[in-house]
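Inside the fold
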Amino acid sequence: MPSGRHRAELVIERSRFIATLAPAATPEAARAFIDSVRQEHATATHNCWAFVAGPPGSTALIGMSDAGEPHGTAGRPMLDVLLHSGVGEVAAVVTRYYGGVKLGKGGLVRAYGGSVQHALETLPTLLRVERVTLVIEVA
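Residues numbered from 1 in each chain as written. Predicted model: local features only at pLDDT ≥ 70, side-chain atom pairs only at ≥ 80, totals over all residues. Heavy atoms only, no water.

1. Here we look at the overall build of the protein
- When helices and strands are tallied, the protein shows three helices and five strands.
- Across the protein, helices and strands are ordered from the amino to the carboxyl terminus as β-β-α-β-β-α-β-α.
- With respect to the three principal axes, the spread of C-alpha positions in the protein is 75 × 25 × 25 Å.
- Expressed as a percentage of the 139 residues in the protein, the buried residues total 44%.
- Across the protein, contacts joining residues at least 24 apart in sequence account for 68% of those joining residues at least 6 apart. (Helix = DSSP H or I, 4+ residues; strand = E, 2+ residues; numbered from the N terminus. Buried < 20%, exposed > 50% of the residue type's maximum accessible area, 1.4 Å probe, protein only. Contact = heavy atoms within 4.5 Å.)

Structural data, given as structure tokens:
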């Protein structure tokens, strides 16, 4: 899981893609994080998001949104990267400031997925270790 909020930025064809990742143990925590990034970047063209609120690769508690981009070009690629990253309990928002050049569907898929991948490459993480108390009685 991420150790805290982390941000990375890419510029693709003059558009700024700002990927912000944060811990999200529950869907509610993920949505609260998403709302905070939306408020921070209220003037952005798009704030697309995805989250995995469970163990790495688990699809039980997931969510995604293209947030106005063409269907399947933002949320799904972001979620796919998160699911295959080996990191769990994580939410990602990619904020796009449009730079005047249309990227097309394939370009958007690469830009959004690539932005999350770029942020994951430098993401500080914590190892989650389940602890159990064990009591042993010896006669």
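2. Observations regarding helix 2 (residues 75–83)
- Counting buried residues along helix 2, seven of its nine residues qualify, which places the element largely inside the surrounding structure.
- Within helix 2, the full set of buried residues consists of Gly75, Pro77, Met78, Leu79, Val81, Leu82 and Leu83.
- On its buried face, helix 2 sits against strand 3 (46–52), strand 4 (62–65), strand 5 (90–97) and helix 3 (104–121).

3. Here we look at the environment of serine 85
- Mapping serine 85 onto the fold places it in the loop between helix 2 and strand 5.
- With relative accessibility at 28%, the residue serine 85 sits in the partly exposed group.
- Residues serine 85 and glutamine 117 lie 32 residues apart in sequence; the distance between their C-alpha atoms is 8.2 Å.
- A polar atom in the side chain of serine 85 sits 2.8 Å from the backbone oxygen of leucine 82. (Polar contact = N/O pair within 3.5 Å; in protein donor to acceptor, adjacent residues only side chain to side chain.)

4. Brief notes about the side chain of arginine 96
- Tracing the backbone through its elements, the reader meets arginine 96 in strand 5.
- Of the residues examined, arginine 96 reaches a relative accessible area of 4% and is grouped as buried.
- Non-local contacts of arginine 96, meaning those with residues more than four positions away in its chain, are made with Ser15, Arg16, Phe17, Ala44, Thr45, His46, Glu69, Val101, Leu103, Leu108 and Tyr112.

5. A look at helix 1 (residues 27–40)
- Taking 1.5 Å of rise per residue, 14 residues should cover 20 Å, and helix 1 covers 20 Å from first to last C-alpha, within 8% of that figure.
- Buried within helix 1 are the following residues: Pro27, Ala30, Phe33, Ile34 and Val37. Buried residues along helix 1 cover an arc of 125 degrees about the axis, so they all sit on one side. Seen from the buried face of helix 1, the exposed residues on the opposite side, beyond 90 degrees, are Glu28 and Gln39.
- On its buried face, helix 1 sits against strand 2 (15–23), strand 3 and strand 5. (Expected span 1.5 Å × (residues − 1). Arc of directions from axis to C-beta.)

6. Topic: the packing of helix 2 against helix 3
- At a closest axis distance of 8 Å, the pairing of helix 2 and helix 3 adopts a crossing angle of 30 degrees. The angle between helix 2 and helix 3 falls in the class roughly parallel. Viewed along their axes, helix 2 and helix 3 form a crossing whose handedness is right-handed. Mapping the contact onto sequence places Pro77, Met78, Val81 and Leu82 in helix 2 and Val109, Tyr112, Gly113, Val116, Gln117 and Leu120 in helix 3.
- Residues belonging to the contact of helix 2 with helix 3 are distributed by class as follows: eight nonpolar, two polar and no charged. (Axes fitted to C-alpha atoms, helices over the stretch in contact; angles between N-to-C directions. Parallel < 35°, antiparallel > 145°, perpendicular 65-115°, else oblique. Left-handed = near helix turned anticlockwise from the far one by under 90°. Nonpolar A, V, L, I, M, F, W, Y, C, P; charged D, E, K, R; others polar.)

7. Comments concerning the pattern of salt bridges
- A complete count under the given rule lists five salt bridges for this structure.
- Two residues, aspartate 35 and arginine 38, come together in a salt bridge whose shortest N-O distance is 3.0 Å. Residue aspartate 35 and its partner arginine 38 are both found in helix 1; the two are separated by three residues, about one turn of the helix.
- On the basis of relative accessibility, which here comes to 35%, the residue aspartate 35 falls in the partly exposed class.
- Note that glutamate 69 is salt-bridged to arginine 96, the shortest N-O span being 3.0 Å. With glutamate 69 in the loop between strand 4 and helix 2 and arginine 96 in strand 5, this residue pair connects regions lying 27 residues apart in the sequence.
- Owing to a relative accessible area of 9%, glutamate 69 belongs among the buried residues under this scheme. (Salt bridge = Lys/Arg side-chain N within 4 Å of Asp/Glu carboxyl O.)

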